[in-house]
Amino acid sequence: MDGRKKTVKARAKPHAAPAAKAAPSEDAKLSPDSMGGVRAPLSSEDAEFYRKLFHDSADAHFVLDGRTGTFCLVNRRFVETTGYSEEELVAGNFRPTSLVYGKGREMAEEQIRGLKEGASGIFEWICADRNGRVWDVEVSVQRFRSKGRPYVLGQIRDIGPRKELERRLKREVELQRKKTIEAAKAGVRVFQLTEKIKRIPELVRRLAAASDEAALFDGLKEGLVGPESMGYAEAALYLVDGRQLLCQFATREMPIKRFHLDKNHKLARIARCGERYYDGSAGELVVPLRRSGEVAGLLQIFFDEEDRLLFGENDTVRSGQENLVEALALALESIWGKLRLETASRDQAKSDSLTGLANRRYFRGRLLEETKRALRYQRDLSLILIGLDRFREINEVWGHGVGDRVLVFMAGYLGREFREIDILSRYGSDEFAVLLPETGLEEAKKKSEDLRYKVERTPVPLDGEGGEKIDLTVSVGVATRTEGMTDPDELLKHCEEALYTAKREGRNQVSSFEDKPRILPKRIATQLE
């Protein structure tokens, strides 16, 4: 944590929310206890904007009246976290510091008071909910103005698991330090091991700041090897993938980077037994990484000659070194698990739950990005909309379960037919969208006709090999960004018009929007075989 953050550690009982105080002079700073005046809500436009933006967020968000310091808006997660109802929170009596536990309230109010207009801040508080549960939170706030009136936008995030991890690591580090001092009387032993212990908290903080798995593993690699790191000679990380053990990174040249877990290789045996392994002659230590109780990977460390001498002279020091690496592995497990959960949540927020393709909201964002990029670099950009013909009849005759199976089949089919750079989305209940960067109209029309042709000749299997099948056709609309087009909705509108034309003219065909929607022949001479 940097110097700007202050953590409140008071542990007194929470008390009632303070009443709003009298209005200050015009020159007074805007703050929770010097914010007077009449409390006013956000404008209806801003209030609706923040509700849409934050209502279903996984974090607890709020908006404060900048003059009274009281809540204007809170999202559902904020209500769940604090235990207070939305009506209670926005009634005009509650401030964020009303939730602060005990004596820490004064410091929390000082922190918010010190924020100037347009500034932001991140603080750590200890809060209590309505039921008296006390927990550590990180509070992010930013002052802004709307229609001339000051407001504060903020969020709170439960950092209890992280604080507990830091306390646990601190206890473990302290325990190892004491064991080392008791066992190793020689100053050089104490110094070398203590230097590694000192580096652990900083390394864990850097790993905790990783934005994704690649950054996490890169940070681990840098933190293990080198003069400014833990100082190990070599390091490697292996991750379990099905029945394989794959090398994620290695600082020495590895002759083999993939091991089958059923084989007799040393690393495969360690992964199967799930116990740490040390080879004193090679200075090698292997520690399993776990996820949900199962071995998810192996952290392999090779000690330099100086460390190996310490191991040989004192078993307690050797055990301390091993425990130190294991403590690091435990921290890595926790950070890795949290990162995977966050990544899964982000992926779910932008994916359709049935087909796994991008949802409509995420697709609209990508359409805007690609339109801007095509305009900036004067590149081609085409859009295809695909509608399943008579999909309602499939649901009525076969049932919605079969309808879902058809949608999943179509999503998988599109994933195989289009390029990696193409952006696929479930656009409606029975419609799919494909955005084609670097693709002109003629190429997009040919791709669309190829797709229509293949779908017509590929019945959807219902019960596996040899089972019943459903014939399926699609209508396709195609449009391309024209010179000077800046609005992605214009491209979308053109493509929708082309799709509706294809459906209106009899389905199972491709229509493109050029100067006006034009029906392509039902069969473009396309050599598919």
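Right, let's walk through the structure included here.

Cut-offs applied
Residues numbered from 1 in each chain as written. Predicted model: local features only at pLDDT ≥ 70, side-chain atom pairs only at ≥ 80, totals over all residues. Heavy atoms only, no water. Helix = DSSP H or I, 4+ residues; strand = E, 2+ residues; numbered from the N terminus. Buried < 20%, exposed > 50% of the residue type's maximum accessible area, 1.4 Å probe, protein only. Contact = heavy atoms within 4.5 Å. Pairing = 2+ DSSP bridges. Axes fitted to C-alpha atoms, helices over the stretch in contact; angles between N-to-C directions. Salt bridge = Lys/Arg side-chain N within 4 Å of Asp/Glu carboxyl O. Expected span 1.5 Å × (residues − 1). Polar contact = N/O pair within 3.5 Å; in protein donor to acceptor, adjacent residues only side chain to side chain. Core = buried A, V, L, I, M, F, W, Y, C linked by side-chain atoms within 4.5 Å. Phe/Tyr/Trp six-rings, centres within 6.5 Å; stacked < 30°, edge-to-face > 60°. Lys NZ or Arg CZ within 6 Å of the ring centre and 35° of its normal.

**Some details on the overall build of the protein chain**
Here's step 1: Of regular secondary structure, the protein chain possesses 15 helices and 19 strands.
Here's step 2: Going through the 529 residues of the protein chain one by one, you find that 46% of them count as buried.
Here's step 3: Restricting to contacts in the protein chain with at least 6 residues of sequence separation, those with at least 24 account for 60%.

**Here's the deal with the sheet that holds strand β1 (residues 60–65)**
Here's step 1: As summarised here, the arrangement of the five strands in space is β2-β1-β5-β4-β3, forming an open sheet in which the pairing is antiparallel. The open sheet has two free edges, formed respectively by β2 (71–74) and β3 (120–128), since each of these has just one partner strand. The sheet shows a mean angle of 25° between the axes of neighbouring strands, direction not considered.
Here's step 2: Looking at chain direction, β3 and strand β4 (residues 134–146) are connected through nine bridges and run antiparallel. Each bridged residue has a counterpart across the sheet, and for F123 the counterpart in β4 is V139.
Here's step 3: Along the sheet, helix α1 (residues 44–54) contacts β1, β2, β4 and β5 (149–158); its crossing angle with β2, the most-contacted strand, is approximately 40°.

**Overview of the pattern of salt bridges**
Here's step 1: Enumeration according to the criterion identifies 34 salt bridges in this entry.
Here's step 2: A salt bridge links E80 to R77; the shortest N-O distance between them is 3.5 Å. Here E80 and its partner R77 are both found in helix α2 (residues 76–82), three residues apart, which amounts to about one turn of the helix.
Here's step 3: Notably, a salt bridge pairs R276 with E322, separated by 3.2 Å at the nearest N-O pair. Of this pair, R276 sits in the loop between α8 (266–273) and β9 (277–279) while E322 is found in helix α10 (residues 315–350), placing the two residues 46 residues apart along the sequence.
Here's step 4: Exposure remark for R276: the relative accessible area of 29% places this residue in the partly exposed category.
Here's step 5: The buried category is assigned to E322, whose relative accessible area is 6%.
Here's step 6: Sharing partners across several salt bridges, the network here consists of R366, E369, E370, R373, R379 and E438.

**Observations regarding helix α15 (residues 488–504)**
Here's step 1: For α15, which comprises 17 residues, the first-to-last C-alpha distance of 24 Å matches the rise-based estimate of 24 Å (1.5 Å per residue) to within 8%.
Here's step 2: Taken together, the buried positions of α15 are P488, L491, L492, H494, C495, A498, L499, T501 and A502.
Here's step 3: Here α15 starts with a cap whose side-chain oxygen sits 3.0 Å from the backbone nitrogen of D489, and that cap is D487.
Here's step 4: Once α15 finishes, G506 follows within two positions and takes phi at roughly 125°, a positive value.

**Regarding the pairing of strand β13 (residues 423–426)**
Here's step 1: Going residue by residue along β13, you find I423 and S425 tucked away on one face and L424 and R426 tucked away on the opposite face as well.
Here's step 2: Looking at chain direction, β13 and strand β14 (residues 431–437) are connected through four bridges and run antiparallel. Looking at β14, one finds that L424 is bridged to V434.
Here's step 3: Between β13 and β14, which pair antiparallel in sequence order, lie four residues.

**Structural notes on the nonpolar core**
Here's step 1: Counting residues in hydrophobic clusters, the biggest one holds 36 residues, and the most contacted among them are L216, L220, L224 and I301.
Here's step 2: Secondary-structure elements contributing two or more residues to this core are α5 (160–183), α6 (187–208), α7 (213–224), β6 (234–241), β10 (284–291), β11 (294–302) and α10.
Here's step 3: The dominant element in this core, judged by the number of residues it contributes, is α10, at ten residues.
Here's step 4: If you look at the next biggest cluster of nonpolar residues, it comprises 30 residues, including I384, F418, L451 and V474.

**Re the packing of aromatic side chains**
Here's step 1: By the definition in use, this model includes ten aromatic pairs.
Here's step 2: A cation over a ring is seen here: R133 above W135, with NZ or CZ 4.6 Å from the ring centre.
Here's step 3: Directly above the aromatic system of Y427 lies the positively charged group of R360, at a separation of 4.0 Å from the ring centroid.

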